[in-house]
2 protein chains.
Amino acid sequence: MSQVTEPVAQDARSRLVAAAVESFASKGFHGTTTRDIAAAAGMSPAALYVHHRSKEDLLYVISKAGHERTLQLVEEGVASSPDPVQQLLAVIRGFTVHHARGHTGARIVNYELAALSPAHLDEIVGIRRAIEQRVRRLVDRGVEDGVFETSDPRMTSLALLSLGIDVARWYRDDGAWTPEQIGDHYCEIALRIVGASVTR
Amino acid sequence: MSQVTEPVAQDARSRLVAAAVESFASKGFHGTTTRDIAAAAGMSPAALYVHHRSKEDLLYVISKAGHERTLQLVEEGVASSPDPVQQLLAVIRGFTVHHARGHTGARIVNYELAALSPAHLDEIVGIRRAIEQRVRRLVDRGVEDGVFETSDPRMTSLALLSLGIDVARWYRDDGAWTPEQIGDHYCEIALRIVGASVTR
DNA sequence: TGGTTCTGACTAAGCGCTTGCTTATCGCGG
DNA sequence: CCGCGATAAGCAAGCGCTTAGTCAGAACCA
């Protein structure tokens, strides 16, 4: 069977993905060479093409997985409670912590969209729309229930997402706060943004 | 003298800068070729080097001007009133409108820092620190005066800037809101974030 | 005519990706 | 248990092309 060979191949494949994540995040897609990635994975340039169709395909794999993880995170937050306030807290905490702890991957997810092929971009944009829609529905529900108060729910939900996404840009591993501390403070900020009339 | 010839040269120079802004913003620094820039400016590839030392130098010129403009904007907002609330509103409105209307330039300013040479990056980081410091002082003043209320003024001021910067990422010219509408809503959000106990 | 602006032709270096080959591991007939 | 053909992983070398940047001279304007 392939129970012995597969793990080796899977390891090489994921090592290339991990190397690409590091390279793309620090130097950008176009600033990264296939030789950079191969070297970081401890392989020859040609080995990249044994496991991946192209450099762009590597970006697509990373982007797809990152977006799906984010969508899952948001959906879990919404499903965690029937109360919009608790849903908001769960979503913001998960979203923020994820963008801080996984800032390398999140940078690629949010800032390298233009490097995707048109077909791949289409697919990714679809997932992004789903993420935005989930948050918009959450805010709308809160407004309907009278626990949120905002003059423009659509822009408010966009701002909530925006705040979390931008954490990936400014977060540093050697910074002053842990991802959890940022998550906590961003929950406080989020409640204020939606005008939640609830004790903290 | 060169009073007559200079305008022509200045025009070519600024046409190259304008072309570089468009290209860098849409395709990124590394995704843009010197031929892209020259062609967009209606010139041959070699003409770029008559007016600029290198492609990186072009990026530096754009980044420097953009950062200085932003710092100026923040300082004008702070100087507009002795009242922290009015200062905050002026800064957020100016900052947000600038990042929406000038989103092409702002994308380069905020997302192409890694492509700068170490020396140039140092200089730019200095301006960024000055911008952050101005906003932090504004928030600290508001807290001292008792008109703002927040558990972490440092993270709050970072979040305020973060929110404005990210507008450059998601704003579209054909989107649902004008820069001014976004500025208005972001003023409302900012007041809530700092816990300003003031009527809208 | 003199000086500046701008160009076409060029180069060295670096790019994504392919090729030809070696090596390691596999199931399987004897 | 052994040896054989098959499959896949990996590498050194390099192909065809594009890149940033150069330079000698044409074109232009005072």
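Position numbers for residues count from 1 along each chain, tracking the sequence in the order it is written. Following the order in which they are written, the chains are lettered starting with A and the ligands numbered starting with 1. This being a predicted model, a pLDDT of at least 70 is required before a residue's local features are given, and a value of 80 or more before pairs of side-chain atoms are given or counted; all residues contribute to the totals for chains, interfaces and linings.

Here's the deal with the environment of A:A90
Residues and elements named next belong to chain A. Put simply, the rule is: Elements are defined by DSSP. Helices are runs of H or I of four residues or more, strands are runs of E of two residues or more, and each kind is numbered from the N terminus. What counts as a contact here is a pair of residues whose C-beta atoms, placed from the backbone, lie within 7 Å.
Its location among the elements puts A90 in helix α5 (residues 84-101). Counting along the chain gives 73 residues from A90 to L163, while the straight-line C-alpha distance between them is 15 Å. The residues touching A90, leaving out its near neighbours within four places in the chain, are G77, S80 and S81.

A closer look at helix α6 (residues 103-111) of chain B
Formally: Neighbour counting defines burial: a residue surrounded by 20 or more other C-beta atoms within 10 Å of its own C-beta is buried, one with 12 or fewer is exposed, and intermediate counts give partly exposed, using backbone-placed C-beta atoms.
Across the nine residues of α6(B), seven count as buried, placing the element largely inside the fold. All of the buried residues in α6(B) are B:G105, B:A106, B:R107, B:I108, B:V109, B:N110 and B:Y111.

So, the domain arrangement of chain A
Many descriptions give the size of an interface as the accessible area lost when the pieces come together. Residues and elements named next belong to chain A. For clarity, the cut-off: How far each domain reaches was decided by an automatic or database domain assignment. Side-chain classes are defined by residue name, with Ala, Val, Leu, Ile, Met, Phe, Trp, Tyr, Cys and Pro counting as nonpolar, Asp, Glu, Lys and Arg as charged, and the others, Gly among them, as polar.
According to the domain assignment, chain A contains domain 1 (1-52) and domain 2 (53-193). Computed over C-alpha atoms only, the centres of domain 1 and domain 2 are separated by 27 Å. Between domain 1 and domain 2, the residue contacts involve eleven residues of the former and 14 residues of the latter. By residue number, the principal contributor to the side of domain 1 that touches domain 2 is helix α1 (residues 5-27), which donates six residues. Residue composition of the side of domain 1 that touches domain 2, by class: six nonpolar, four polar and one charged.

Describing the interface of chain B and chain A
Contacts between the two partners involve 25 residues from chain B, matched on the other side by 25 residues from chain A. When residues of the side of chain B that touches chain A are traced back to their parent elements, those giving at least two are α1 (5-27), α8 (153-170) and α9 (179-193) of chain B. A per-element tally of the side of chain B that touches chain A places α8(B) first, with eight residues. Considering only residue class, the side of chain B that touches chain A consists of twelve nonpolar, eight polar and five charged.

Things to note about the relation of the copies chain B and chain A
Here is the rule: When the copies are overlaid, the least-squares fit takes in C-alpha atoms only where the residue has pLDDT of at least 70 in both copies.
Overlaying chain B with chain A gives an RMSD of 0.1 Å, the required rotation being 180° about an axis along which the chain moves by 0.0 Å. Expressed as an axis order, the relation between the two copies is that of a two-fold axis. Comparing interface residues between copies, 100% of those in chain B also sit at the interface in chain A, which points to an isologous, same-surface contact.

Description of the packing of helix α7 (residues 118-144) of chain B against α8(B)
All names here are of chain B. What counts, and what does not: Convention adopted: a line fitted to C-alpha atoms gives each axis, helices being fitted over their contacting stretch, and angles between N-to-C directions are expressed from 0 to 180 degrees. For classification purposes, an angle smaller than 35 degrees is called roughly parallel, one larger than 145 roughly antiparallel, one from 65 to 115 roughly perpendicular, and anything else oblique. Helix crossings get a hand from a simple test, with the near helix turned counterclockwise from the far one by less than a right angle marking a left-handed crossing and a clockwise turn marking a right-handed one.
Here α7 crosses α8 at 125°, and the two axes come no closer than 9 Å. By the angle between their axes, α7 is oblique relative to α8. Crossing geometry of α7 relative to α8 is assigned as right-handed. Between α7, through E132, V135, R136, V139, D140 and V143, and α8, the contact on the second element is made entirely by P153, R154, T156, S157, L160 and L161.

Describing the protein's contact with DNA strand D
As a reminder of what qualifies: In this text, near has one meaning. A residue is near a molecule or strand if its C-beta atom, placed using the backbone, is within 6 Å of it.
Neighbouring DNA strand D are 17 residues; A:A12, A:S44, A:A46, B:T33 and B:A46 lie closest to it. Of all the secondary structure elements, the ones that give two or more residues to the surface near DNA strand D are α1 of chain A together with α2 (34-40) of chain B. Here the residues of the surface near DNA strand D are counted per class, giving eleven nonpolar, four polar and two charged.

Re the environment of A:R136
All names here are of chain A. Along the chain, the position of R136 falls in helix α7 (residues 118-144). For R136, a count of 17 C-beta atoms within 10 Å translates into the label partly exposed. Those residues in contact with R136 that sit more than four places away from it in its chain are R154 and S157.

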